[in-house]
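# Descriptive analysis of the structure
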Amino acid sequence: MTALASREVESSAPSAVPSTLVVEGLGKEFGWTRVLSNVSLTINEGEYVALMGSNGVGKTTLLRMCAGLSVPTEGSVSIAGVDLRRAGPGLRRRVGFVSHESLLYPDLTGRENLEFHARLFGVNDPESAIAALSELLDLDGILDRPAGVLSRGNRQRLTLARALLHGPRIVLLDEPFTGLDEESSDRLLAVLDALVASGRTVVMTTHDRAVAEAGPRRLIMLDNRTVAVDRELPVPTRQSAPAPSEPPAFTRPSLTTPPKLFRAAWAIAAKDLRVEFRTRDVIGSAGLFALAVLITASFTMPTGAAASAGAATGVLWISILFAVLLGVGRTMARESADRGIEGLLLSPAPRESVFMGKALASLVLMAVVDIVIIPLFLVMMTSDGAGSNPFALIGTVALGTLGLVIVASLFSGIAVGSRLGESMLPILVMPVVIPLMVGSVELTRLALGAGDSSSVWQWLGILAGFDLMVLLAAIAMFRYVIEE
Amino acid sequence: MTQQAAPETVVEPSDSEKSKRTTKWLGIAVAVSIVVFIYASFFYAPEDSVQGVVQRIFYVHVASAWIAALAFFVVFLGSIGYLAKRNLRWDAYAGASAEVGLLFTTVVLVTGMMWGKAIWGVYWTWEPRLTSVLVLWLLYLAYVALRAYVPDPSRKARFSAVLGIVAFLDVPIVYLSVKWWRTLHPEQVIVTEQGPQLPASMIVALMVGLVAMTLVYVYFVRLRFNVNDLEQQIKREVAK
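Counting restarts for each chain: residues are numbered from 1 in the order of the written sequence. Written order decides the labels, with chains lettered from A and ligands numbered from 1. Given that the model is predicted, a residue must reach a pLDDT of at least 70 before its local features are reported, and side-chain atom pairs must reach 80 or more before they are shown or counted; all residues, however, enter totals for whole chains, interfaces and linings. Hydrogens are left out, water is left out, and the side-chain values use all remaining heavy atoms of the structure.

This part covers the confidence of the model for chain B. pLDDT expresses how confident the predictor is about each individual residue, on a scale running from 0 to 100. Summary statistics for chain B give a mean pLDDT of 83 and a share of 82% for residues scoring 70 or more. In the predicted assembly, ipTM is 0.82 and pTM is 0.84.

Shown next, in the form of structure tokens:
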């Protein structure tokens, strides 16, 4: 953990060092397709740049590499003299990125989305920062509505607010005018002007030459996988209808230390739990599935003492396993909708906290499922409890569920990135958890009074050892799952 | 975002006349070694006084198990190599080794079941050693399946590497399971505190088997790697 964290070299660049964006010999291949080749640029702090080119020429890819969301195949991107591959939290806070996707959580309100990102970025006074942005971007009326129900234009304003919330010194925007009406476009242009006037660097991709000439002072045109044109633009003569009201000057919010591992993990878990509280789709699907399995099996299983020694404990753990697969798969699929995971990657939160936060939220949700189905299992499928060991049973359920959640959380990121989507999750998880399942079934049997109870502690130790092993592996590996 | 990995490089076609000659000679060596191995295990090694002729399955069973472990260790190394260097060549070796390792694990399971039927009277029993080898087989089946369902080569390599590392953690569990659990599986007879518990001629047959299976492993991985190169060349041409 510490070793991993230490690889994230803090941007040694002090805040006084200009945030010059330097791209050197950059190239990118996707599979067998080369998208960019030998791109070199220097963009100084305070520049206002339009990045143009035909479809598929690599504008978005270049911008994503500048935001640190994509690894270059060759060459490098540095900000303030620090290579983005070694970027620490401080460097990440210098960049704000508006992508094609909103990176917002559709089930959270605009305010909740912004508060969550403010927490991850270490914004000192989120309420004031959100109020200032609300005034700048005219967010009144949309802050308290779920992001998922907002119109394209309103969502775009909220997306911009998310990107500006932490006062970045470089603002990267990918087609920010797409879907905006004329008034919203004028307002956005005015906001970008205000950003540049306050010394920020603005780089935006656009297809619209009129937009490119309305504000930017430099035009970079990509063609044939590299920079074809790089020239200054004349001072805009834009006399078009000004924004409805002149936006106030952009002010930088005060920042505190970004959250460390556990605080960031808790913020992510709390966000997931809030989403679940609103939608109840994980509890609904996972809990109902587990209940349905138990109720169906109760008609075919022997009851009483025979059950604890027989197949009933296997049925219990199969229902828990599939509940975890459904629940954790859903949680990660929700994170991938609108690329919420990229919002986490842009933040200064340690990568390990993403895994820990997601696993923690899933564990809480699965604990709720356990609390519902375990008593039901005991009532429907076991005897009067004579000879059973409730502490061993609780320990078994806790350790077994924990192990399942850890493995499923690690592989859920892989599953949603595969062609099969969430359906891939059982294929990946089940072979890994078979030893855990065998141990949990055996231990449940022992905890219910069947078999040699003296080996309970030995089995608990084996389950705990398995959990520890997969936890360490998952913490170390998850960053490779989520980083492009 | 933190991107500590080195830039990706692309696997370049490596097959050449020299490489083809090497592959050809390797194929001949494999054929010769298999013939020698058959002779050693069926004629040179003595018949076991207790188990009879069925014991001769031991040579291919144990040699395949060792090679499967080697193959999955190569997957593990290739996975670490890819994540550290982001060079698709590491992933190509890992992918090829996983497929061949899966084949050898299948041989282990099938020969084990044949032996089990003759000695225990059943093809399969859910005892820990058998179960954990089956788990191993399922793990690398999932690894191969995953590679089929992720079209983008870089993403495929990244995801496979994560699974390749986690799956390898199961290999020591398989190895130690004989000691961890009470098991019907025979105790180890080669690596013991008292030294090998087999007659010298049986050990010679086993060693010949190990050499033959190692050559088969290298040959298959090499062929799979060459096929991978050709696939990449074709896809590059199509992508142009």
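Having seen it, we continue.
Residue and element names in this part refer to chain A. For every residue, the accessible area obtained with a 1.4 Å probe (protein chains only) is divided by the maximum for its type, and the residue is called buried under 20%, exposed over 50%, and partly exposed between those limits. Put simply, DSSP H or I for four residues or longer makes a helix, DSSP E for two residues or longer makes a strand, and each gets a number counted from the N terminus. Burial along strand 6 (residues 95–98) is two-sided: the residues V95 and F97 and G96 and V98 are all buried. Pairing between strand 6 and strand 7 (residues 170–174): four bridges, direction parallel. Paired with V98 across the strands is L173, a residue of strand 7. A pair of strands is treated as paired once DSSP finds two or more bridges between them.

Turning next to the sheet that holds strand 2 (residues 33–43) of chain A. Each strand in a sheet pairs with its neighbour through backbone hydrogen bonds, running either in the same direction (parallel) or in the opposite one (antiparallel). Residue and element names in this part refer to chain A. Taken in spatial order, the four strands of this open sheet run 2-1-4-5, and their pairing is antiparallel. Across the chains shown, the open sheet's two edge strands, defined by having one partner strand only, are strand 2 and strand 5 (82–83). For this analysis, residues touch if any pair of their heavy atoms sits within 4.5 Å. Angles run from 0 to 180 degrees between N-to-C directions of axes, and those axes are lines fitted to C-alpha atoms, restricted for helices to the stretch in contact. Helix 2 (residues 59–67) rests against strand 1 (21–30), strand 2 and strand 4 (74–79) of the sheet, and its axis sits at about 125 degrees to strand 1.

How big an interface is tends to be expressed through the accessible area that disappears when the partners come together. In this complex, chain A contributes 48 residues to the contact, which on the side of chain B involves 38 residues. Taken together, both faces of the contact between chain A and chain B bury some 4000 Å²; the carbon and sulfur share is 66%. By convention in these notes, a salt bridge is any Lys or Arg side-chain nitrogen within 4 Å of a carboxyl oxygen on Asp or Glu. Here chain A and chain B share zero salt bridges between them. Per element, the largest residue contribution to the side of chain A that touches chain B is nine residues, and it comes from helix 17 (residues 456–482) of chain A. Of the residues that constitute the side of chain A that touches chain B, the class distribution is 28 nonpolar, eight polar and twelve charged. Note on definitions: buried area is the accessible-area loss of two parts on being combined, 1.4 Å probe, summed for both. For this scheme, ten residues count as nonpolar: Ala, Val, Leu, Ile, Met, Phe, Trp, Tyr, Cys and Pro. Four count as charged, namely Asp, Glu, Lys and Arg, and the remainder, Gly too, count as polar.

The next subject is the pattern of salt bridges. Residue and element names in this part refer to chain A. Across all of its chains, the model carries 25 salt bridges over all chains by this definition. With a shortest N-O distance of 3.2 Å, R34 and E29 are connected by a salt bridge. A relative accessible area of 23% places R34 in the partly exposed class. Between R209 and E213 there is a salt bridge, and its shortest N-O distance comes to 3.6 Å. Linking R209 with E213, this pair stays in helix 8 (residues 209–214), spanning four residues, or about one helical turn. Taking the relative accessible area as the measure of exposure, R209 reaches 37% and is therefore partly exposed.

We now examine the side chain of T205 of chain A. Residue and element names in this part refer to chain A. Take T205: it is sitting in strand 8 (residues 201–205). Accessibility expressed as a relative area gives 0% for T205, which makes it buried. The definition of a polar contact used here is a pair of N or O atoms within 3.5 Å, where within protein one atom must be able to donate a hydrogen and the other to accept one, and adjacent residues in sequence count solely through side-chain atom pairs. A distance of 2.8 Å separates a polar atom in the side chain of T205 from the backbone nitrogen of E175. Not counting residues within four places of it along the chain, the set of residues in contact with T205 comprises L51, K59, L63, L173, D174, E175 and P176.

A few words now on the packing of aromatic side chains. For Phe, Tyr and Trp, where Trp contributes only its six-membered ring, two rings pair if their centres lie within 6.5 Å, and the inter-plane angle classes them as stacked under 30 degrees, edge-to-face over 60, or tilted in between. Summed over the entire model, instances satisfying the criterion amount to 13 aromatic pairs over all chains. Their ring planes at 25 degrees and their centres at 4.6 Å tell us that F76 of chain B and F168 of chain B sit as a pair that is stacked. Of this pair, F76 of chain B sits in helix 2 (residues 57–85) while F168 of chain B is found in helix 5 (residues 153–168), placing the two residues 92 residues apart along the sequence. Grouping residues by exposure puts F76 of chain B and F168 of chain B together as buried. With a centroid separation of 6.2 Å and an interplanar angle of 45 degrees, the aromatic rings of Y140 of chain B and Y143 of chain B are classed as tilted. Taken together, the residues Y140 of chain B and Y143 of chain B, both in helix 4 (residues 128–148) and three residues apart, mark about one turn of the helix. Here Y143 of chain B falls in the buried class, since its relative accessible area comes to 0%. An aromatic cluster is defined as three or more aromatic residues linked by ring pairs; in this entry it consists of F72, Y140 and Y143 of chain B. Cation placement over rings: the criterion is NZ of Lys or CZ of Arg within 6 Å of the ring centroid and within 35° of the ring normal. In this structure, R280 of chain A packs its charged tip against the face of F277 of chain A, placed 5.3 Å from the ring centre.

Turning next to the pairing of strand 10 (residues 226–232) of chain A. Both faces of the sheet carry side chains from a regular strand, because those side chains alternate between them. Residue and element names in this part refer to chain A. Bridge count for strand 9 (residues 218–223) against strand 10 is six bridges, and the pairing is antiparallel. Paired with D223 across the two strands is T226, which belongs to strand 10. With antiparallel pairing between neighbouring strands as the criterion, strand 9 and strand 10 make up a hairpin whose turn holds two residues, including N224 at a positive phi of roughly 50 degrees.

Trans is the common state for peptide bonds, and a negative phi is the common state for residues other than glycine. Residues and elements named next belong to chain A. For A80, which is not glycine, the phi torsion reads 55 degrees and is therefore positive. Mapped onto the elements, A80 comes out in the loop between strand 4 and strand 5. Judged by relative accessible area, A80 falls into the buried class, the value being 10%. For L103, which is not a glycine, the phi torsion comes out positive at approximately 60 degrees. Summarising the element assignment, L103 is placed in the loop between strand 6 and helix 4 (110–121). Overall, L103 belongs to the buried group, its relative accessible area being 0%.

What follows concerns the environment of V95 of chain A. All names here are of chain A. Assignment of secondary structure puts V95 in strand 6. Exposure remark for V95: the relative accessible area of 8% places this residue in the buried category. Linking V95 and A361, residues 266 residues apart in sequence, is a C-alpha distance of 28 Å. Excluding residues within four positions of it along the chain, V95 makes contact with A67, I79, H166, P168, I170 and L172.

Before going further, it helps to examine the packing of helix 15 (residues 390–416) of chain A against helix 5 of chain B. When two helices pack together, their arrangement is captured by the angle between the axes and the distance separating the axes. For the pair helix 15 of chain A and helix 5 of chain B, the least separation of the axes is 10 Å and the interaxial angle reads 150 degrees. Between helix 15 of chain A and helix 5 of chain B, the angle is such that the two are roughly antiparallel. Judged by the twist between their axes, the crossing of helix 15 of chain A over helix 5 of chain B is left-handed. Residues L410, F411, G413 and I414 of chain A of helix 15 of chain A pack against F159, V162, L163 and V166 of chain B of helix 5 of chain B. Among the residues forming the contact of helix 15 of chain A with helix 5 of chain B, the class breakdown is seven nonpolar, one polar and no charged. Note on angle classes: values under 35 degrees are labelled roughly parallel, values over 145 roughly antiparallel, values of 65 to 115 roughly perpendicular, and the remainder oblique. Handedness of a crossing follows from how the near helix is turned relative to the far one, being left-handed for an anticlockwise turn of less than a right angle and right-handed for a clockwise one.

With that settled, consider the sheet that holds strand 6 of chain A. Residues and elements named next belong to chain A. Ordered in space as 6-7-8-3-9-10, the six strands form an open sheet in which the pairing is mixed. Each end of this open sheet is capped by a strand with a single partner; those strands are strand 6 and strand 10. Between one strand axis and the next, the sheet turns by 15 degrees as a mean value, whatever way the strands run. Pairing analysis gives five bridges linking strand 7 to strand 8, with the strands arranged parallel. Opposite I170, over in strand 8, you have T201 as the bridge partner.

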